[in-house]
Amino acid sequence: MESEHNVIIVGAGVAGIASALALKDAGLSPLVLERADQVASSWRTRYDSLRLNTWRRFSHLPGRPYPKGTPTFPSRDQIVEHIERHAGEDGVELRFGTSVERIERSGGGWAVHTSAGELRAPQVIVATGVDQAPVVPAWPGRETFEGELLHSADYRNPTPFTGSRVLVVGPGSSGMEIAHELAESGAAKVWLAVRTPPNILLRQGPGPVPGDLIATWLWSLPTGMADRIARFGARMDFGDLSEYGLPPAETGVFTAVHAEGKVPSIVDAEVVEAIKDGRIEVVPAVAALDASSVELSGGARIEPDAVICATGYRRGLEPLVGHLDVLGERGMPKVRAPEAAAPGLRFAGFLFRPGALGFMGKLARRSAKAIARELRDGGSG
């Protein structure tokens, strides 16, 4: 089956819709393929209380700000509404319930093999996101644990855990926020298991200043200097958390992002206070599970009723493009938009930096200009 579109976009999340809108604005006709039955499917399934870690002015689709009255840090539902509203603009074709299984070079363009047949286009953008396949570690004894074991992707709200003893594994933003919500909402006990102490930043900076406004400025500085300023700011904001089980991270926040793609834990001050006053108890990493308990690194045991794994995701790109020699470490694209990873093939949204959602819009516009030029010049570049 042939496509009448200039560009096929895989994924209808923020990066995919941003790419489609930028292409539409450039006079092109994108087709967006989405395996779910609606846009922003991954956002819709996040926990109910989720808010962006980034300022609304740094987090909107290209040229399409949030409506007046939107709070500084938009909620999950406001993000979904924003994406859905603009995805419905004329000039963007959405095709739901269509899984992309493999992308292959075909002549001067690309063949996209989907659950509904083959499509072809001179240009393809892969925008499936960094959070595709939830990862639950293969701890010894995991299958014998008789309590509830779930990934944070399946956590919605604290109601089912009222009166329960809960272990949250992973001190990223989601893990720390879920632990805090549980502690505030009637869980009998909340532990937070930490293998590697994270860099911690506050969502709200001094006074009314959003934290990512400061982080975006620091991003422009030399990495070592930015690390030192961020570490000093963290000490001023909440002090040394070593006595609570969270010593300073070995690697500075900006070095970790640049070198390892490891983002900081961005939380509200109330989360740190809950750790300081013992409502969240930080414990060592999980070593093993048995029917009723969890063994921690060092040998101590705890007996949670539930274990929530905020342990990250795989990119899931190998089945699509693993044969094209375009993936590098951690399954990430070697080259990301606006540059082409191969002639006519780009990866959008696979980035870690302050204000990432809004920056995706800027990159989408650069990609659209490059794609329009390549199509004028004869196809896939």
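These lines cover the structure that appears in this document, whether it is placed above or below.

## What to know about the nonpolar core
Link 1 in the chain: Of all hydrophobic cores here, the largest spans 68 residues; its most connected members are Trp43 and Leu182.
Link 2 in the chain: Setting aside anything within four residues of it in sequence, one finds leucine 182 in contact with Tyr155, Pro158, Phe161, Val166, Val168, Ala187, Val190 and Ile308.
Link 3 in the chain: The next biggest cluster of nonpolar side chains, apart from the first, holds 25 residues, and it includes Leu33, Ile103, Ala121 and Phe347.

## A look at the pattern of salt bridges
Link 1 in the chain: Under the criterion given, the structure shown has 24 salt bridges.
Link 2 in the chain: Residues arginine 120 and glutamate 118 are paired through a salt bridge, measuring 2.6 Å at the closest nitrogen-oxygen approach.
Link 3 in the chain: On the basis of relative accessible area, arginine 120 is assigned to the partly exposed category, the value being 27%.
Link 4 in the chain: Note that arginine 203 is salt-bridged to glutamate 177, the shortest N-O span being 2.4 Å. Of the two residues, arginine 203 is situated in the loop between strand E12 (200-202) and helix H5 (211-219) and glutamate 177 in helix H4 (residues 173-184); the sequence distance between them amounts to 26 residues. Pair check on accessibility: arginine 203 and glutamate 177 agree, each one buried.

## Topic: helix H6 (residues 223-238)
Link 1 in the chain: Helix length check: H6 (16 residues) gives 22 Å between terminal C-alpha atoms against 22 Å at 1.5 Å per residue, within 8%.
Link 2 in the chain: Among the residues making up H6, those that are buried are Ala226, Asp227, Ala230, Ala234 and Phe238. When H6 is viewed along its axis, its buried side chains cluster within an angular range of 100 degrees and face the same direction. In this structure, H6 carries Arg228 and Met236 as exposed residues pointing more than 90 degrees from its buried face.
Link 3 in the chain: Packed against the buried residues of H6 are E12, H5, helix H7 (253-260) and helix H8 (269-276).

## Focus on the sheet that holds strand E3 (residues 93-95)
Link 1 in the chain: On the basis of which strands lie adjacent, the open sheet formed by 5 strands has the order E3-E2-E1-E7-E20 and parallel pairing. The open sheet has two edge strands, E3 and strand E20 (345-347), and neither has a second partner. Between one strand and the next, the sheet's axes are offset by a mean angle of 20 degrees, whatever the strand orientation.
Link 2 in the chain: Taken together, the 4 bridges between strand E1 (residues 7-10) and strand E7 (residues 123-126) define a ladder with parallel strand orientation. Looking at the pairing, isoleucine 8 lines up with valine 124 of E7.

## Notes on a nonpolar patch on the surface
Link 1 in the chain: A cluster of nonpolar side chains, Ile214, Trp217, Met225 and Ile229, forms an exposed patch at the surface whose accessible area comes to about 350 Å².
Link 2 in the chain: Among the elements of the structure, H5 and H6 are those that each provide at least two residues to the nonpolar patch.
Link 3 in the chain: Judged by relative accessible area, isoleucine 214 falls into the partly exposed class, the value being 32%.

## Comments concerning the pairing of E7
Link 1 in the chain: Here E7 shows a buried face lined by Gln123 and Ile125 and a second buried face lined by Val124 and Val126.
Link 2 in the chain: Of the strand pairs in this sheet, E7 and E20 are connected by 3 bridges, and their pairing is parallel. For valine 126, the partnering residue across the bridge sits in E20 and is phenylalanine 347.

## Re the packing of helix H1 (residues 14-25) against helix H10 (residues 356-376)
Link 1 in the chain: Remark: H1 packs on H10, axes separated minimally by 8 Å, with the N-to-C direction vectors making an angle of 40 degrees. Classed by the angle they form, the pair H1 and H10 counts as oblique. By crossing handedness, the relation of H1 to H10 is classed as right-handed. The residues of H10 that touch H1, namely those facing Val14, Ala15, Ala18, Ser19, Ala22 and Leu23, are Leu357, Met360, Gly361, Ala364, Arg365, Ala368 and Ile371.
Link 2 in the chain: Among the residues forming the contact of H1 with H10, the class breakdown is 10 nonpolar, 2 polar and 1 charged.

## Structural notes on unusual backbone geometry
Link 1 in the chain: Each neighbour pair has its own omega, and for alanine 337 with proline 338 the value is 15 degrees, a cis peptide bond.
Link 2 in the chain: The backbone of aspartate 325 shows a phi angle near 60 degrees, a positive value even though the residue is not glycine.
Link 3 in the chain: Its place among the elements puts aspartate 325 in the loop between helix H9 (318-321) and E20.

## Some points on the packing of aromatic side chains
Link 1 in the chain: Counted according to the given criterion, the structure contains 5 aromatic pairs.
Link 2 in the chain: Ring plane angle 75 degrees and centroid distance 5.3 Å describe the contact between tryptophan 55 and phenylalanine 58, whose orientation is recorded as edge-to-face.
Link 3 in the chain: Residue class for tryptophan 55 comes out buried when judged on its relative accessible area of 16%.
Link 4 in the chain: Taken together, the ring pairs connect Tyr47, Tyr155 and Phe161 into an aromatic cluster.
Link 5 in the chain: Taking NZ or CZ as reference, arginine 46 lies 5.5 Å from the ring centre of tryptophan 43, over its face.
Link 6 in the chain: Sitting over the face of the ring of phenylalanine 73, arginine 203 holds its NZ or CZ atom 5.9 Å from the ring centroid.

## Side note on the side chain of aspartate 227
Link 1 in the chain: In this fold, aspartate 227 is placed in helix H6.
Link 2 in the chain: Excluding residues that lie within four positions of it along the chain, aspartate 227 makes contacts with Gly252, Val253, Phe254 and Thr255.

## Structural notes on the layout of surface pockets
Link 1 in the chain: If you add up the space inside the second largest pocket, you get close to 360 Å³.
Link 2 in the chain: For the lining of the second largest pocket, the elements supplying multiple residues, two or more each, are H7 and H10.
Link 3 in the chain: The leading source of residues in the lining of the second largest pocket is H7, at 4 residues.
Link 4 in the chain: Its residues assigned to classes, the lining of the second largest pocket comprises 11 nonpolar, 3 polar and 6 charged.

## Considerations on H10
Link 1 in the chain: When the terminal C-alpha atoms of H10 are compared, their 30 Å separation across 21 residues agrees well with the 30 Å that a helix rising 1.5 Å per residue should span.
Link 2 in the chain: Backbone geometry just after H10 places glycine 378 at a positive phi near 125 degrees.

Conventions used here
- Residues numbered from 1 in each chain as written.
- Predicted model: local features only at pLDDT ≥ 70, side-chain atom pairs only at ≥ 80, totals over all residues.
- Heavy atoms only, no water.
- Core = buried A, V, L, I, M, F, W, Y, C linked by side-chain atoms within 4.5 Å.
- Buried < 20%, exposed > 50% of the residue type's maximum accessible area, 1.4 Å probe, protein only.
- Contact = heavy atoms within 4.5 Å.
- Salt bridge = Lys/Arg side-chain N within 4 Å of Asp/Glu carboxyl O.
- Helix = DSSP H or I, 4+ residues; strand = E, 2+ residues; numbered from the N terminus.
- Expected span 1.5 Å × (residues − 1).
- Arc of directions from axis to C-beta.
- Pairing = 2+ DSSP bridges.
- Axes fitted to C-alpha atoms, helices over the stretch in contact; angles between N-to-C directions.
- Patch = residues over 30% accessible without salt bridge, like charges linked within 9 Å, V, L, I, M, F, W, Y side chains within 5 Å.
- Areas by Shrake-Rupley, 256 points an atom, 1.4 Å probe, with all protein chains shown as cover.
- Parallel < 35°, antiparallel > 145°, perpendicular 65-115°, else oblique.
- Left-handed = near helix turned anticlockwise from the far one by under 90°.
- Nonpolar A, V, L, I, M, F, W, Y, C, P; charged D, E, K, R; others polar.
- Phe/Tyr/Trp six-rings, centres within 6.5 Å; stacked < 30°, edge-to-face > 60°.
- Lys NZ or Arg CZ within 6 Å of the ring centre and 35° of its normal.
- 1 Å grid on protein atoms, 1.4 Å probe; cavity = no way out; pocket = protein on both sides within 12 Å on 5 of 7 lines; lining within 4 Å.
- Points joined across faces, edges and corners; volume = space filled by probe spheres on them.

Shape is all these values report; function is a separate question.
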